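The primary structure of each chain is shown beneath.
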Amino acid sequence: FFWAPSESLSDPMFRNVKSFEISSEGVEEFRFLLQGPAGAGKSSIINTIKTVFEGHHYINCLTASALTGDSFTTKFEKFTIGQFAFYDMMGLEQGEYKGVHPDDIISAVKGHVPEDYIFKPNAPIDKFNTEYINEPTLNSQIHCLVSVIPADKITMIEDDVIDKMKNIRKAASEIGIPQVLFMTRVDQVCKMTQRDITKIYQSKKIKEKIDECSNRLGVPLNCIFPVKNYSEENKPNEKLNCLMLEALTQIVYSANDYLKKNSKKNSNTEKKLEVVSC
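Residues numbered from 1 in each chain as written. Predicted model: local features only at pLDDT ≥ 70, side-chain atom pairs only at ≥ 80, totals over all residues. Heavy atoms only, no water.

Asker: Please set out the overall build of the protein chain residue by residue, giving values where relevant.
Answerer: Along the backbone of the protein chain there are seven helices and six strands. When the helices and strands of the protein chain are placed in sequence order, the string is α-β-α-β-β-α-β-α-β-α-α-β-α. Counting the 278 residues in the protein chain, one finds 53% classified as buried. Put simply, 70% of the contacts in the protein chain that link residues at least 6 apart link residues at least 24 apart. Accessible surface computed for the protein chain: about 13,900 Å², of which carbon and sulfur atoms make up 49%. (Helix = DSSP H or I, 4+ residues; strand = E, 2+ residues; numbered from the N terminus. Buried < 20%, exposed > 50% of the residue type's maximum accessible area, 1.4 Å probe, protein only. Contact = heavy atoms within 4.5 Å. Areas by Shrake-Rupley, 256 points an atom, 1.4 Å probe, with all protein chains shown as cover.)

Asker: So what's going on with the packing of aromatic side chains? Residues and values would help.
Answerer: Inspection of every chain in the model, using the stated rule, returns twelve aromatic pairs. A centroid spacing of 6.1 Å and a plane angle of 80° characterise the contact between Phe76 and Phe119, whose relative ring orientation is edge-to-face. Here the residue Phe76 occupies a position in the loop between α2 (42–54) and β2 (77–81), and Phe119 occupies one in the loop between α3 (102–110) and β4 (144–150), the gap between them amounting to 43 residues. These aromatic residues form a ring-pair network of at least three members: Phe14, Phe20, Phe30, Phe32, Phe53, Phe84, Phe86 and Tyr253. (Phe/Tyr/Trp six-rings, centres within 6.5 Å; stacked < 30°, edge-to-face > 60°.)

Asker: Give a detailed account of unusual backbone geometry, specifying residues and quantitative values.
Answerer: At Asp116, a residue that is not glycine, the phi angle is positive and equals roughly 70°. In the Ramachandran plot, Arg185 falls in the positive-phi region, its phi being about 55° despite a non-glycine side chain. Within the element layout of this structure, Arg185 appears in the loop between β5 (179–184) and α5 (191–195). Residue classification places Arg185 among the partly exposed positions, given a relative accessible area of 24%.

Asker: Break down the side chain of Asn229 for me, citing the residues and quoting the values.
Answerer: Turning to its location among the elements, Asn229 is positioned in the loop between β6 (224–226) and α7 (238–277). Here Asn229 falls in the buried class, since its relative accessible area comes to 11%. In terms of polar contacts, Asn229 uses its side chain to reach the side chain of Thr48, at 3.3 Å. Aside from chain neighbours lying at most four places away, what touches Asn229 is Gly41, Ser44, Ile45, Thr48, Thr184, Leu240 and Met244. (Polar contact = N/O pair within 3.5 Å; in protein donor to acceptor, adjacent residues only side chain to side chain.)

Asker: Which residues make up the sheet that holds β6, and what are the values?
Answerer: Pairing is mixed across the open sheet formed by six strands, whose spatial order is β2-β3-β1-β4-β5-β6. Each of the sheet's edge strands pairs with one partner strand only, and the pair in question is β2 and β6. Shown here is a sheet whose adjacent strand axes are inclined to one another by a mean of 25°, direction ignored. Here strand β1 (residues 30–35) pairs with strand β3 (residues 84–88) via four bridges, running parallel. (Pairing = 2+ DSSP bridges. Axes fitted to C-alpha atoms, helices over the stretch in contact; angles between N-to-C directions.)

Asker: Give a detailed account of the pattern of salt bridges, specifying residues and quantitative values.
Answerer: One pass over the full model with this rule turns up twelve salt bridges. For the salt bridge of Lys78 with Glu29, the shortest nitrogen-to-oxygen distance reads 2.8 Å. Of this pair, Lys78 sits in strand β2 while Glu29 is found in the loop between α1 (12–18) and β1, placing the two residues 49 residues apart along the sequence. According to the relative accessible area criterion, Lys78 is partly exposed, its value standing at 23%. Look at Glu29 and you get buried, because its relative accessible area is 12%. Two residues, Lys239 and Asp196, come together in a salt bridge whose shortest N-O distance is 3.5 Å. Residue Lys239 is found in helix α7, and its partner Asp196 is found in the loop between α5 and α6 (204–217); the two are separated by 43 residues along the sequence. A single network of salt bridges, built from pairs that share partners, joins Glu29, Arg31 and Lys78. (Salt bridge = Lys/Arg side-chain N within 4 Å of Asp/Glu carboxyl O.)

Asker: Quick rundown of the nonpolar core? Include the residues and the values.
Answerer: In this structure, Leu33, Phe53, Phe86 and Phe182 are the most contacted members of the largest nonpolar core, which totals 80 residues. A per-element tally of this core places α7 first, with eleven residues. With near-sequence residues (within four places) excluded, Phe86 lies in contact with Phe32, Leu34, Ile46, Ile49, Glu77, Lys78, Phe79, Ile81, Leu248 and Ile251. (Core = buried A, V, L, I, M, F, W, Y, C linked by side-chain atoms within 4.5 Å.)

Asker: Describe the side chain of Thr249, and please don't skip the residues or the numbers.
Answerer: Position of Thr249 relative to the elements: it lies in helix α7. Only 2.7 Å separates the side chain of Thr249 from the backbone oxygen of Leu245, close enough to count as a polar contact. Once you skip the residues sitting within four places of it in the chain, Thr249 turns out to touch Met13 and Val17.

Interpretation note: all reported values are geometric properties and have no functional meaning in isolation.
This is the structure:
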């Protein structure tokens, strides 16, 4: 299906996001990592953002089955959309040797995992692996961690999976990585929202699910963004686009703030080294 280019949207958010400039010299792109249970909608988020930007229905990023929860993503895969790089990976599952290992996600956040690396649930990457990146730069690290949770399944997600996500978030917090949560499948928990996505912030059911996400994962309420992915639609939906663009704008600003802060740190370190060498 081919649609009108997204530039024709009246919503200024698209123009602002598309033209956003990185506030850090030497950093080529904003890097986002999506983490969450298999079937949460991580790959669908990438498809939706690419659909908004490219102006046609994008389905090249395979998605997990919402019914089986099986993940199609087995490697550390990069999807470039303008100046944004979205990294998709295998979903988290219950059990020690199922789904991606939490240590692999933590290593990816820190920049130790190369693009297209194939994950092994029973053997997380470490410094003894020949593919391990020993000295990652700001250009190879993740600039914002995006947790993804399906609104209609948050109650059913096993505590084991929630604990894995919380441990990953804790590790990211320790190194100052900004974090947000995208709550997907909102149309599946509220008929009013299903009929009109603009009613999403008026829905009591959506508010309850946001509160539940916050309580279970420890994510602040103002860092949780309800979104809807393109699934059955075969024509553009500006309301859906605006909802996704609102969430995207937030992670772009968060990533940029992180880059500005850490670029200053690196610059100060280099100055100190110059003084010592003199």
